[in-house]
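A look at the structure
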Amino acid sequence: MLAEVSALLAPLAAVIGYSSYKARQFEQTYPNIGELTDVGGYRMNAVHVERPENADLPALVFIHGASGNLLDQIVAFRAPLEGRAEMLFVDRPGHGYSERGGPENALPSGQADAIARLMEKRGIEKAIIVGHSFGGAITAAFGLRHPDKTAGLLFLAPATHPWPGGIDWYYHVATVPVIGWLFNHAVVVPLGLSRLERGTLNVFRPNPRPADYIEKTGPSLVLRPHTFHNNAADFKRLLAYVKEQSPLYSQITAPTVIITGDRDEIVWEHLHSRGLARDIAGSELVTVRGVGHKPDYLATDVAIAAMEKIAGEPHDLQSAARRAEERLAASLHSPAVQTQPSLMPGALHGV
């Protein structure tokens, strides 16, 4: 009997050991480039770019989406905005290198409060809050709960409203007691690595994925057991949360721009982005035709123009979107500027 039990446990121990080894390897490949700050019993990680002397924009706070970390928004925005604004790129609680904190941080409202405390600790009184995908739910919560800290809101392909369907099966498994621990420590790494290439291709679809996207943004960090559990816990609560909170969006008064692609198969723009535009009085919806779930990468120039408009500069964002469409169309016919076509684990199933 003992021999039979050992024969069963040995392969399990081996795959758990392999997953632990790979988790350490992910961290060695993508070491923390941020700074940990205590925000009340736990630490948030962020890259803080101090206000430049000749800043022409308000402070900017960037909130990444599901299955991501701060590198995703750094790669998209830091270089083109360098020297123009103070910037805070945040690892959401329990993601990247941020600690999880309490159970409230499984909800967008708790994560918004954590980011507000982090802003206080870093001396940022008010900022334009920029949220991509799942970060859009947190951006909306921030606008509702911290209007005094909100200079404006910029939503990029946001997930903010109820959707039909549910979430992928593995998020349910990952949060089940005992079984979830085994799944996260034994199955997630090999399963996730096998899906990483296809996943990152899907998140950019129908547009090409930058050839060095995986190399620069560290999506494999989400496969670490504790991070995957947190990511799954976030997803399990999101639908009930937005059902409760989306009717409150009409209370948001900050200047707001929503940028979305009309080919987004991850977060349906007709539910989420158009819903926000309907619910937030005075907001502007900018739809970039032919773009999927990554306007932060494919229409970065439109996003920056939106930041400028929120800050008070006159901009025709609809014309900016048309120019972005022309640029993207031209790139498809120019081999010199094409990037390698390549969803991070984390798509809303059926959305």
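Everything below is about the structure shown above.
The sections below set out a description of the structure shown in this document. (Residues numbered from 1 in each chain as written. Predicted model: local features only at pLDDT ≥ 70, side-chain atom pairs only at ≥ 80, totals over all residues. Heavy atoms only, no water.)

Some details on the overall build of the chain
Helices and strands together make up the secondary structure of the chain, namely 13 helices and eight strands. The C-alpha atoms of the chain give 20 Å as radius of gyration, which agrees with the globular expectation for 351 residues (20 Å, within 12%). Within the span of the chain, comprising 351 residues, buried residues form 58% of the whole. Split by element, the accessible area of the chain, about 14,400 Å² in all, is 56% carbon and sulfur. Here the chain contributes 32 positively and 36 negatively charged side chains, and the mean placements of these two sets differ by 4 Å. (Helix = DSSP H or I, 4+ residues; strand = E, 2+ residues; numbered from the N terminus. Rg over C-alpha atoms; globule rule 2.2 N^0.38 Å. Buried < 20%, exposed > 50% of the residue type's maximum accessible area, 1.4 Å probe, protein only. Areas by Shrake-Rupley, 256 points an atom, 1.4 Å probe, with all protein chains shown as cover. Lys, Arg positive; Asp, Glu negative; His and termini not counted. Charge placed at Lys NZ, Arg CZ, Asp CG, Glu CD.)

Concerning the pairing of strand E1 (residues 35-38)
Here E1 runs beside strand E2 (residues 43-49); their pairing, made up of four bridges, is antiparallel. Considered in E2, the bridge of Leu 36 is made with Asn 45. Between the end of E1 and the start of E2, which pair antiparallel, lie four residues, with Gly 40 showing a positive phi angle near 120°. (Pairing = 2+ DSSP bridges.)

A closer look at helix H4 (residues 134-145)
Between its terminal C-alpha atoms H4 stretches 17 Å, which fits the 16 Å expected from 12 residues at 1.5 Å a residue. The buried count for H4 comes to 10 of 12 residues, which makes it a mostly enclosed element. If you check which residues of H4 are buried, you get Phe 134, Gly 135, Gly 136, Ala 137, Ile 138, Thr 139, Ala 140, Ala 141, Phe 142 and Gly 143. In this fold, the buried residues of H4 make contact with strand E3 (59-63), helix H3 (108-121), strand E5 (127-132), strand E6 (150-156) and helix H9 (225-245). (Expected span 1.5 Å × (residues − 1). Contact = heavy atoms within 4.5 Å.)

Side note on the packing of aromatic side chains
Counted by the stated rule, this structure contains 12 aromatic pairs. Here Tyr 170 and Phe 228 contribute two aromatic rings whose centre-to-centre distance is 6.2 Å and whose plane-to-plane angle is 45°, an arrangement assigned as tilted. In this pair, Tyr 170 sits in helix H5 (residues 169-174) while Phe 228 sits in helix H9, placing the two residues 58 residues apart along the sequence. Residue Tyr 170 is classed as buried on the basis of its relative accessible area of 4%. For Phe 228, a relative accessible area of 4% puts it in the buried group. On the numbers, 5.4 Å between centres and 80° between planes, the contact of Tyr 213 with Tyr 297 is edge-to-face. Separated by 84 residues along the polypeptide, Tyr 213 in helix H8 (residues 213-217) and Tyr 297 in helix H11 (residues 295-298) bring together distant segments of the chain. On the basis of relative accessibility, which here comes to 17%, the residue Tyr 297 falls in the buried class. Following the ring pairs from residue to residue traces out a cluster consisting of Phe 134, Trp 169, Tyr 170, Tyr 171, Phe 183, Phe 228 and Phe 235. (Phe/Tyr/Trp six-rings, centres within 6.5 Å; stacked < 30°, edge-to-face > 60°.)

What about the pattern of salt bridges?
All chains considered together, the criterion is met by 20 salt bridges. One salt bridge connects Glu 27 with Arg 224, and the closest N-O pair in it is separated by 2.8 Å. In this pair, Glu 27 sits in helix H1 (residues 2-29) while Arg 224 sits in the loop between H8 and H9, placing the two residues 197 residues apart along the sequence. A salt bridge links Arg 327 to Asp 301; its shortest N-O distance comes to 3.0 Å. Note that Arg 327 is positioned in helix H13 (residues 317-332) and Asp 301 in helix H12 (residues 300-310), a separation of 26 residues in sequence. In this structure, a network of salt bridges that share partners links the residues Asp 56, Arg 84 and Glu 308. (Salt bridge = Lys/Arg side-chain N within 4 Å of Asp/Glu carboxyl O.)

So, the nonpolar core
Grouped burial of nonpolar side chains is what soluble globular proteins tend to show. Of all hydrophobic cores here, the largest spans 96 residues; its most connected members are Phe 77, Leu 154 and Ile 259. Not counting residues up to four positions away in its chain, the partners in contact with Leu 154 are Ile 129, Val 130, Gly 131, Thr 139, Val 257, Ile 259, Ala 303, Ala 306, Met 307 and Ile 310. (Core = buried A, V, L, I, M, F, W, Y, C linked by side-chain atoms within 4.5 Å.)

Focus on a nonpolar patch on the surface
A cluster of nonpolar side chains, Leu 12, Val 178, Trp 181 and Leu 182, forms an exposed patch at the surface whose accessible area comes to about 370 Å². Tracing the backbone through its elements, the reader meets Leu 12 in helix H1. (Patch = residues over 30% accessible without salt bridge, like charges linked within 9 Å, V, L, I, M, F, W, Y side chains within 5 Å.)

Here's the deal with the pairing of E5
For E5, the buried fraction is high: six of the six residues fall into the buried class. Because side chains alternate across E5, one face comprises the buried residues Ala 127, Ile 129 and Gly 131, and the other comprises Ile 128, Val 130 and His 132, equally buried. In this structure, E3 lies alongside E5, joined through five bridges in parallel fashion. What sits directly across from Phe 62, in E5, is Val 130. When E5 meets E6, the two strands line up parallel, connected through six bridges. By the bridge assignment for E6, Ile 128 is matched with Gly 152. Where the polypeptide runs from E5 across H4 and back to E6, its parallel neighbour, the crossover connection is right-handed. (Right-handed = clockwise from strand over helix to strand, strands pointing away.)

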